[in-house]
Amino acid sequence: MLDHTGFPLEITGETTPMVSFRKVRKSYGALTVLKNLDLDIAEGEMVSIIGPSGSGKTTVLRMLMTLEQIDDGVIYVDGQPLTHMPKQGRLVRANERHLRNRRADIGMCFQHFNLFPHMTALENCMEGPVQVLGLSKAEARDRSEELLELVGMISKKDQRPSRLSGGQQQRVAIARALAMRPKVMLFDEVTSALDPEVIGEVTNVIRKLVSEHNLTMLMVTHQMGFARDISDRVCFFYGGKIEEQGPPAELFGNPQRERTQQFLSAVREAV
Amino acid sequence: MFDWKWDFVWEILPRLLVATGNTLLAAGAGYAIALVLGLVFALAQRTPYRALTFVVREFVEFIRSTPLLLQIFFVFYVGPQFGLRLSPWTSGMIAIGLHYACYLSEVYRGGIESVPRGQWEAATALNMTITQKYRRVIIPQAIPTALSGMGNYLVGILKDTPMLSVIGVAELIHVANSIGSEHYRFLEPITMVGIIFLAISLPAAGLIRLFEGRVRRKLGL
Ligand SMILES: Nc1ncnc2c1ncn2[C@@H]1O[C@H](COP(=O)(O)OP(=O)(O)O)[C@@H](O)[C@H]1O
Ligand SMILES: [Mg+2]
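What you see is a predicted model; the values in this text were computed from it and never measured.

What counts as what
Here the residue numbering is sequential within each chain, running from 1 through the sequence in written order. Key to labels: chains lettered from A, ligands numbered from 1, both in the order written. Selection of residues for local features in this predicted model requires a pLDDT of at least 70, selection of side-chain atom pairs for listing and counting requires 80 or more, and totals for whole chains, interfaces and linings are taken over all residues. Side-chain numbers here rest on the full set of heavy atoms in the structure, without hydrogens or water. Only DSSP runs of H or I with at least four residues qualify as helices, and only runs of E with at least two residues qualify as strands; both kinds are numbered from the N terminus onward. Remark: exposure states derive from per-residue accessible area (1.4 Å probe, protein chains only) relative to the maximum for the residue type, with buried under 20%, exposed over 50%, and partly exposed in between. The contact definition used throughout considers only heavy atoms, calling two residues in contact when any of these lie within 4.5 Å. Calculation of accessible area relied on Shrake-Rupley with a 1.4 Å probe; when residues are assessed, cover is drawn exclusively from the protein chains displayed. Defined in terms of a 1.4 Å probe, buried area is the accessible area two parts forfeit on being brought together, summed over both. One side-chain nitrogen of Lys or Arg within 4 Å of one carboxyl oxygen of Asp or Glu is enough to make a salt bridge. Angles shown run from 0 to 180 degrees and are taken between the N-to-C directions of axes, each axis being a line fitted to C-alpha atoms and, for helices, limited to the stretch in contact. An angle counts as roughly parallel when it lies under 35 degrees, as roughly antiparallel when it exceeds 145, as roughly perpendicular when it falls between 65 and 115, and as oblique in every other case. Each crossing gets its hand from how the near helix is turned against the far one by less than a right angle, where anticlockwise is left-handed and clockwise is right-handed. Residues are grouped as follows: Ala, Val, Leu, Ile, Met, Phe, Trp, Tyr, Cys and Pro are nonpolar; Asp, Glu, Lys and Arg are charged; every other residue, Gly included, is polar.

Trainee: Give a detailed account of the overall build of chain A, specifying residues and quantitative values.
Mentor: When helices and strands are counted, chain A shows nine helices and 12 strands. Along the longest, intermediate and shortest principal axes, the C-alpha atoms of chain A span 55 × 50 × 40 Å. The 271 residues of chain A split such that 55% are buried. The contacts in chain A between residues at least 6 apart in sequence include a share of 62% that link residues at least 24 apart. Split by element, the accessible area of chain A, about 12,200 Å² in all, is 45% carbon and sulfur.

Printed below as a string of structure tokens:
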């Protein structure tokens, strides 16, 4: 069934994408940051977003995490509208209650970690499960310790963030997001604020997630080699649009568009 | 030098100590009201309801830019015109509580605004409700910033309690003044009041600083 503006009330069928941006537009005042974005991400797919600074990469993730409202279009998660809700056969802007229901499917890691400084690593991970999901302390502790083990931070579980290095904080932040059991994980330049020698400990955790878990992931990154290694698909953003996308071997090996070629050669020169 | 009479001091000391109790009670009760009401005012200014935000902000500005003495008079003498007949104590607590609530709301607001935006976003990413965000993430981090301001106003409210004497609350100045008039001697009672205030404020300020440090450490900041 279609909304009066032509958007489906839900997406059904066997190939329902886990995430679907439909004609999404976002402006800040007079500045249009994203124009008519269409992007489908399949369940279990790992999609990387690359592109020059200011091209709207972060905004894509923030809209999906519902940190920003969109101006036009609809975002669907697991077939259900996220930014909107059905009301009498049409889609209206989601209220906080609808957002609370749908947001549970999505988790996000930030460039600057944003751990809660007044809680230990373990408490950071337990906070969401206990407060939001209503798990018992014991259940939340088991789940959190398992995840801290996964990211290699179990030995530091009782440390506050201020006592941890950037790489360690980011690994705790990944565990904290995973503790909510999201279907979709978002990574916004999670290694950009890190010293070069600790980048590997974070990318290795993400590699492990890709190979061992069936998470759907959307990652903004400046690490072309990493994106090439682990992505199913790479999207090159330019000026608020997807200029080119494809499997990493094709996009990096044989870019079709001139802007993609320019960007990739500029990045290679910088290294 | 001075004509200081120790006999007189011992004689009036019990009355002054009772009055000290009243001063502490007034400061304590007024501060408790201000702590709670101040938080209400601060949070009200952060709701999406424009009209509410506007009214509260203007009210806070109004109270902060008029003298406390006027507000005490207003509640006590103008209240009855509206059929609101309140005892000196009740009027005093309302006036002083409201007055300091407005100052504390600004302290809270400063504390809340000092918490980085990323903390709100992380809380949203964990799908917290607005109440959970404040209770679990924002307020615990706002408190260390707010604490020094909160401590200053605790000492401030103590020093402002003498204003309640004008409507007849039997706090220290009021009692000292009565004693003075009864005996035609003001030197001892007024000096004693000064010493008593000093004896309360100085340790209080020290304790507040100690407490501040402890909270900061406890929150790991
Ligand atoms: N809150 C905001 N207010 C105004 N402009 C913004 C805001 N957030 C982002 N922008 C602008 O939107 C554009 C895209 O930003 P962003 O998505 O962060 O880019 P990227 O992550 O690709 O570097 C930039 O020009 C940026 O300045
Ligand atoms: Mg960015």
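Trainee: Break down the interface of chain A and chain B for me, citing the residues and quoting the values.
Mentor: In this complex, chain A contributes 25 residues to the contact, which on the side of chain B involves 23 residues. Across the interface of chain A and chain B, roughly 2,000 Å² is buried in total on both sides, 54% from carbon and sulfur atoms. Considering only the surface of chain A that becomes buried against chain B, A:F116, A:H118 and A:Q131 emerge as the three largest contributors, covering 27% of it. At the boundary of chain A with chain B, the tally comes to two salt bridges. Taking the shortest distance from any N to any O, the salt bridge between B:R136 and A:E127 comes out at 2.6 Å.

Trainee: Before we move on, can you summarise the packing of helix α3 (residues 68–78) of chain B against helix α4 (residues 88–113) of chain B with the specific residues and values?
Mentor: Residue and element names in this part refer to chain B. For the pair α3 and α4, interaxial distance at closest approach is 9 Å and the crossing angle is 140 degrees. The orientation of α3 relative to α4 falls into the category oblique. Once α3 is placed against α4, the crossing between them reads as right-handed. Contacts between α3 and α4 involve L68, Q71, I72, V75 and F76 on the former and, on the latter, P88, S91, I94, A95, I96 and H99. When its residues are assigned to classes, the contact of α3 with α4 shows eight nonpolar, three polar and no charged.

Trainee: Summarise the packing of helix α6 (residues 130–160) of chain B against helix α8 (residues 187–218) of chain B; cite the residues concerned and give the values.
Mentor: Residues and elements named next belong to chain B. Where α6 contacts α8, the axes come no closer than 10 Å and their chain directions differ by 170 degrees. Relative to α8, the element α6 is oriented roughly antiparallel. Of the residues in α8, those touching α6 at I143, P144, L147, S148, G151, L154, V155, L158 and K159 are F197, I200, S201, I208, F211, E212, V215 and R216. In terms of residue class, the contact of α6 with α8 is made up of 11 nonpolar, three polar and three charged.

Trainee: Residue-level account of unusual backbone geometry, with values.
Mentor: Across residues other than glycine, the phi torsion is negative in most instances, and most of the peptide bonds are trans. Residues and elements named next belong to chain A. Despite not being glycine, T66 has its phi angle at roughly 65 degrees, a positive value. With respect to the helices and strands, the residue T66 is situated in the loop between α1 (57–64) and β4 (72–77). Taking the relative accessible area as the measure of exposure, T66 reaches 15% and is therefore buried. Phi at E189 is positive, roughly 45 degrees, even though this residue is not glycine. Here E189 is to be found in the loop between β9 (184–188) and α6 (196–212).

That's the geometry; what it means functionally is another story.
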